[in-house]
Amino acid sequence: MAQKPSIPKGTRDFNPQEVAKRNYIFNTIRREFEVFGFQPIETPSFENSETLMGKYGDEGDRLIFKILNSGDYFDKFKNVVKELSDETFSGDLNPFYAIETNFVTKHISEKALRYDLTVPFARYVVQHQNEIDFPFKRYQIQPVWRADRPQKGRFREFYQCDADVVGSDSLWQEVEFVQLYDSVFTALGLNGVTIKINNRKILSGIAEVIGAHDKLIDFTVALDKLDKIGEEKVKDEMRSKGISEEGISKLQPLFTLKGDFGAQINELKAILSTSEEGKKGIEELEFINQGIQTLGLKTAKLQLDVTLARGLNYYTGAIFEVAAPEGVKMGSIGGGGRYDDLTGIFGLKNVSGVGISFGLDRIALVLEDLGLFPETITNTVKVLFINFGQAEAMASMKAIKVLREQGISAELFPDQKNTKKQFNYANKRQIPYLVLLGDSELQSNTYTLKNMASGEQQELSLEQLIVALQ
RNA sequence: GUGGUUGUAGCUCAGCUGGUUAGAGCGUCGGUUUGUGGUACCGAAAGUCGCCGGUUCGAACCCGGUCUUCCACCCCA
């Protein structure tokens, strides 16, 4: 055998069963999106580099797949360097040694694979702002790419399923997104997920109260790790980032924050009494919580988690993250939030957006782990005609033609092998019905229909066969 | 990007301190059984031991590199 071909790391092939399972999830999510009034759009798999670069922080830039320019990119690059050397360099300084990776990258790569669906959506909104009726509710289900190092549930090509609203400040949107999460996971049979919610204004307010407003990012990154590394190490990290001892002691109530939504809110009110921004955040959370309490959730739990930070810098209000039911080891299976300024990056000010994302690939892994896929989702042909010979095959094909016109999937076993093999084939493909059309049926112009699950069979006319299979 | 880990038949895995022709179960294919399946029995095929190089009389096993897998960071869906 020749050397086996392979695919790049972090990518996967999907066999028919896997595609059926994934489509089941896609269809469920899509149905809920549409029930909630979202409309689909699609954007290209790659964008201009400048659209993506700098939108996800330095870490994000590193993870963006860059596309090499076509043509003789190196020849063109040499011309760029030649001009540089005339203007910028003098003497015997070799310009090739003075230029940096970023500079080179910029000149040999002008396109990049999309990293998420939110930034391309922001670009879409700004570009098409005159055609869009606001508030605009869109959903988008497409693959994204990250040059990350793969792990379980972490791929270099994976699907995101996003729903966002732009052009509405209303907190009812946040309420609806919590309901949407609940509806989708309930529809998938994935009961008991935890929808964690926080608010960027609260994080910002806390940072302000402890005198670390300029260190908001460092502060939230450290706080986010509380679950994982524990209170002491979080404090250590905050100290190492230059947050004062006095500030850290003011945080003490945060580490022991317990109880239900209302109790935690009351604690926060005490901590944030001097921060206008913090109080605003609390107000928003209360609104969302009251809405959900009144309307109710089907199977999900809404939980306030002040340590929830999320990396993306553009969130300004609510922050969401969805954790799989207890006992399943998996990173978050969904996330989202409110971003007041996102389209500002592309020059459209004062348009607020809020949205959530579902991680299809991780949801698939979780459903697989818990055995929650319905058994009936695998696509297979409904009826297989056993091949008994030339004349029988021709008669079978005539019947198959009629069945297909009726929208019934049917096929003929192509070879006249012994019946045991043909039956085995039907078993393996989980084909539910067989038709035996042999000599005796040809004589009487009938069809023997066999139900593979029950083993029952009956002799039918073509009309009866159609009815039986519909 | 940092540190570690993994790779043997289609799949799951054995393979002793380096020593003849690398094994098992499941699956596949053929037969008992070309008009009745999932069972049983018999038989067969299938591996440059991830890839490249090195050490050695001799390498699946030791060393280096590389790709891949998974894990912890980082970050995130």
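Treat the numbers as computed from the prediction; the structure is a model and nothing was measured.

A. Focus on unusual backbone geometry. The residue after Phe134, namely Pro135, is reached through a cis peptide bond having omega -5 degrees. Along the chain, the position of Pro135 falls in the loop between helix 7 (118–127) and strand 5 (136–145). Backbone geometry at Asn445 places phi at a positive 55 degrees, although glycine is not the residue there. The class of Asn445 is exposed, set by a relative accessible area of 58%.

B. Examining the pattern of salt bridges more closely. The tally for this structure, following the rule as stated, stands at 19 salt bridges. Across the salt bridge formed by Glu231 and Lys235, the nearest N and O atoms sit 3.0 Å from each other. With Glu231 and Lys235 both in helix 12 (residues 231–240), this residue pair falls 4 residues apart, about one helical turn. According to the relative accessible area criterion, Lys235 is buried, its value standing at 9%. Through salt bridges with shared partners, a single network forms among Arg12, Arg22 and Asp361.

C. Up close: the pairing of strand 14 (residues 433–436). As paired strands, strand 12 (residues 383–386) and strand 14 are joined by 4 bridges and run parallel to one another. Opposite Phe385, over in strand 14, you have Val435 as the bridge partner. In this structure, strand 14 lies alongside strand 15 (residues 447–451), joined through 4 bridges in antiparallel fashion. Opposite Val435, over in strand 15, you have Leu449 as the bridge partner.

D. Region of the structure containing the nonpolar core. Ile25, Phe185, Phe219, Ile333 and Phe358 are the most contacted members of the largest nonpolar core, which has 100 residues in total. Tallying contributions element by element places helix 8 (residues 172–187) first for this core, with 7 residues. Counting 19 residues, the second-largest nonpolar core is a separate cluster that includes Val383, Ala393, Ala395 and Ile400.

E. Focus on the packing of aromatic side chains. Enumeration according to the criterion identifies 16 aromatic pairs in this entry. When the ring of Phe38 is compared with that of Phe177, the centres are 5.7 Å apart and the planes differ by 35 degrees; the resulting orientation is tilted. Taken together, the positions of Phe38 in the loop between helix 1 (16–35) and strand 1 (39–40) and Phe177 in helix 8 put the pair 139 residues apart, joining distant regions of the chain. By the burial criterion, Phe38 is buried, and Phe177 matches it. Members of the aromatic cluster, each reached through a chain of ring pairs, are Phe33, Phe38, Tyr139, Phe177, Tyr181, Phe185, Phe320 and Phe358.

F. Here's a closer look at the protein's contact with RNA strand B. Around RNA strand B, the structure places 44 residues, and the nearest of them are Lys152, Arg154, Ser332, Asn427 and Met452. Of what RNA strand B places within 4 Å of the protein, 49% of the atoms are sugar or phosphate. Side-chain polar atom of Asn424 to a sugar or linking oxygen of RNA strand B: 3.2 Å apart, as the coordinates give it. Separating a base nitrogen of RNA strand B from a side-chain N or O atom of Asn427 is a distance of 2.5 Å. Counting residues per element, the surface near RNA strand B draws most heavily on helix 19 (residues 419–428), at 7 residues. Here the residues of the surface near RNA strand B are counted per class, giving 9 nonpolar, 16 polar and 19 charged.

Definitions and limits used
Residues numbered from 1 in each chain as written. Chains lettered and ligands numbered in written order. Predicted model: local features only at pLDDT ≥ 70, side-chain atom pairs only at ≥ 80, totals over all residues. Heavy atoms only, no water. Helix = DSSP H or I, 4+ residues; strand = E, 2+ residues; numbered from the N terminus. Buried < 20%, exposed > 50% of the residue type's maximum accessible area, 1.4 Å probe, protein only. Salt bridge = Lys/Arg side-chain N within 4 Å of Asp/Glu carboxyl O. Pairing = 2+ DSSP bridges. Core = buried A, V, L, I, M, F, W, Y, C linked by side-chain atoms within 4.5 Å. Phe/Tyr/Trp six-rings, centres within 6.5 Å; stacked < 30°, edge-to-face > 60°. Near = heavy atom within 4 Å. Polar contact = N/O pair within 3.5 Å; in protein donor to acceptor, adjacent residues only side chain to side chain. Nonpolar A, V, L, I, M, F, W, Y, C, P; charged D, E, K, R; others polar.

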